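Listed below, chain by chain, are the residues.
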Amino acid sequence: YMGILNQNKIMAQDTQVTLGYWAIRGLAEPIRLLFEYLGTKYNERRYHLTEERQKWFEEDKQKLQTNFPNLPYLQDGDFVFTDSLAIVNYVCKKANREDVLGNENVQSVARFYEVYGKVNDLRSAMVGIFYNPQFQELLQPKLDSTIHPGLKQLEKQLEGREYLIGNVTYADFVLYELLDVLAIIDKAILKDYPNLLALHERVRNLSLIHI
């Protein structure tokens, strides 16, 4: 789906940032969800994996005004930087929405990074087999050894909560993307996780996000 990219609505911030990434969901999709949720005015530079791969590596990456050129990157005026979590922190703080980083108190911040780390570990585990030619053979062992144990922990974390730490945070957007991808692979993967399915639907229906 690409329905979250609604560039015509009125955004909350005055300046427009540019998000650079491959023309896939990947690391950028939770960031896009965050932008939509915060009302961040943005556009994108999407590099197609086939036609523009060479352009990124041989041209644009060399010209990017940072010592750490990579994808994703964010450009805000003359300021350019990379790293997904750096982008998330920058945008949340610029929007005065540090609550999306769990910034209610020191304990909620710690809990945010704890659950974010778990979700990101599961995402990385799936990415590790996505591009492997033996994906189908590797999928079930990976689900059994890593994904299902992690999903069970997250299912328990959601007991009595609408979102992972109570209020909406970036970790919920990363989890949404993971759950969405798992459902695309096989909806049956999530059948035993009612709390996770409820969160997936809840994020999908957030009024500021168009999915």
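Engineer: I keep staring at the pairing of strand S2 (residues 42–47) and nothing clicks. Help me out?
Structural biologist: Along a regular strand, successive side chains alternate from one face of the sheet to the other. When strand S1 (residues 17–22) meets S2, the two strands line up parallel, connected through six bridges. Note on S2: the bridge partner recorded for Val17 is Tyr42. Traced from S1 through helix H1 (residues 28–38) to S2, the parallel crossover comes out right-handed.

Engineer: Can you help me understand the environment of Arg97 in this one?
Structural biologist: Structurally, Arg97 can be placed in the loop between helix H3 (84–94) and helix H4 (106–130). For the pair Arg97 and Ser145, spaced 48 residues apart in sequence, the C-alpha to C-alpha distance is 36 Å. Arg97 has contacts with Tyr37, Leu38 and Cys92, leaving out every residue within four places of it along the chain.

Engineer: In this structure, what is going on with the layout of surface pockets? I would like to understand it.
Structural biologist: By rolling a water-sized probe across the atoms, one finds the places where empty space is left. As a volume, the largest pocket reaches approximately 370 Å³. Contributing to the lining of the largest pocket are 17 residues, with Gly26, Val127, Phe130, Tyr131 and Val181 lying nearest its centre. Of all the secondary-structure elements, those providing two or more residues to the lining of the largest pocket are H4 and helix H6 (170–185). Looking at which element gives the most residues to the lining of the largest pocket, the answer is H6, with six residues. Of the residues in the lining of the largest pocket, the class split is 13 nonpolar, one polar and three charged. Of the voids in this model, the second largest pocket is the one considered here, and its volume is about 160 Å³. Lining the second largest pocket are Gln136, Leu139, Gln140, Leu143, His148, Lys152, Asp186, Ala188, Ile189, Lys191, Asp192 and Tyr193. Along the lines of polarity and charge, the residues of the lining of the second largest pocket split into five nonpolar, three polar and four charged.

Engineer: Just checking my understanding: could you explain the environment of Val91 for this structure?
Structural biologist: By the element assignment, Val91 lies in helix H3. A relative accessible area of 4% means that Val91 is categorised as buried. With near-sequence residues (within four places) excluded, Val91 lies in contact with Phe35, Leu38, Thr40 and Leu74.

Engineer: Help me understand the packing of H1 against H6, please; the structure alone is not making it clear to me.
Structural biologist: Helix packing for two helices is described by the angle between their axes and how far apart those axes are. Orientation of H1 relative to H6, taken along the N-to-C sense of each, is 130°, at an axis distance of 9 Å. Accordingly, the angle class assigned to the pair H1 and H6 is oblique. The handedness of the crossing between H1 and H6 comes out as right-handed. Two secondary-structure elements touch here, H1 through Glu29, Pro30, Ile31, Leu33, Leu34 and Tyr37 and H6 through Tyr170, Phe173, Val174, Tyr176 and Glu177. Grouping the amino acids of the contact of H1 with H6 by side-chain chemistry returns nine nonpolar, no polar and two charged.

Engineer: How should I be thinking about the sheet that holds S1 in this particular structure?
Structural biologist: Adjacent strands of a sheet form backbone hydrogen bonds with each other and so pair up, either parallel or antiparallel. Strands sit in the order S2-S1-S3-S4 across an open sheet of four strands; the sheet is mixed. Two strands lie at the open edges of the sheet, namely S2 and strand S4 (79–82), each paired on one side alone. Shown here is a sheet whose adjacent strand axes are inclined to one another by a mean of 20°, direction ignored. Lying on the sheet, helix H2 (residues 53–63) is in contact with S1, S2 and strand S3 (73–76); it crosses S2 at an angle near 105°. This element, H3, spans S1, S3 and S4 of the sheet and lies at about 30° to S3.

Engineer: Would you take a moment to explain the packing of aromatic side chains for this structure?
Structural biologist: Ring pairs (aromatic) are described by centroid distance and by the angle formed between their planes. Evaluation of the coordinates by the stated rule reveals 13 aromatic pairs. One aromatic cluster is present, built from ring pairs that chain together Trp22, Tyr47, Trp56, Phe57 and Tyr73. The ring of Tyr47 has Arg45 sitting right over it, with the charged end atom 4.1 Å from the ring centre.

Engineer: Can you walk me through helix H7 (residues 194–204) in this structure?
Structural biologist: Helical geometry note: an α-helix holds 3.6 residues per turn, so side chains three or four residues apart project in the same direction. Along H7, the residues classified as buried are Leu196, Leu199, His200 and Val203. The arc enclosing the buried residues of H7, seen along the axis, measures out at 100°, which places them on a common side. For H7, the secondary structure elements touched by its buried residues are helix H5 (135–157) and H6.

Each value, and the rule that gives it
Residues numbered from 1 in each chain as written. Predicted model: local features only at pLDDT ≥ 70, side-chain atom pairs only at ≥ 80, totals over all residues. Heavy atoms only, no water. Pairing = 2+ DSSP bridges. Helix = DSSP H or I, 4+ residues; strand = E, 2+ residues; numbered from the N terminus. Right-handed = clockwise from strand over helix to strand, strands pointing away. Contact = heavy atoms within 4.5 Å. 1 Å grid on protein atoms, 1.4 Å probe; cavity = no way out; pocket = protein on both sides within 12 Å on 5 of 7 lines; lining within 4 Å. Points joined across faces, edges and corners; volume = space filled by probe spheres on them. Nonpolar A, V, L, I, M, F, W, Y, C, P; charged D, E, K, R; others polar. Buried < 20%, exposed > 50% of the residue type's maximum accessible area, 1.4 Å probe, protein only. Axes fitted to C-alpha atoms, helices over the stretch in contact; angles between N-to-C directions. Parallel < 35°, antiparallel > 145°, perpendicular 65-115°, else oblique. Left-handed = near helix turned anticlockwise from the far one by under 90°. Phe/Tyr/Trp six-rings, centres within 6.5 Å; stacked < 30°, edge-to-face > 60°. Lys NZ or Arg CZ within 6 Å of the ring centre and 35° of its normal. Arc of directions from axis to C-beta.

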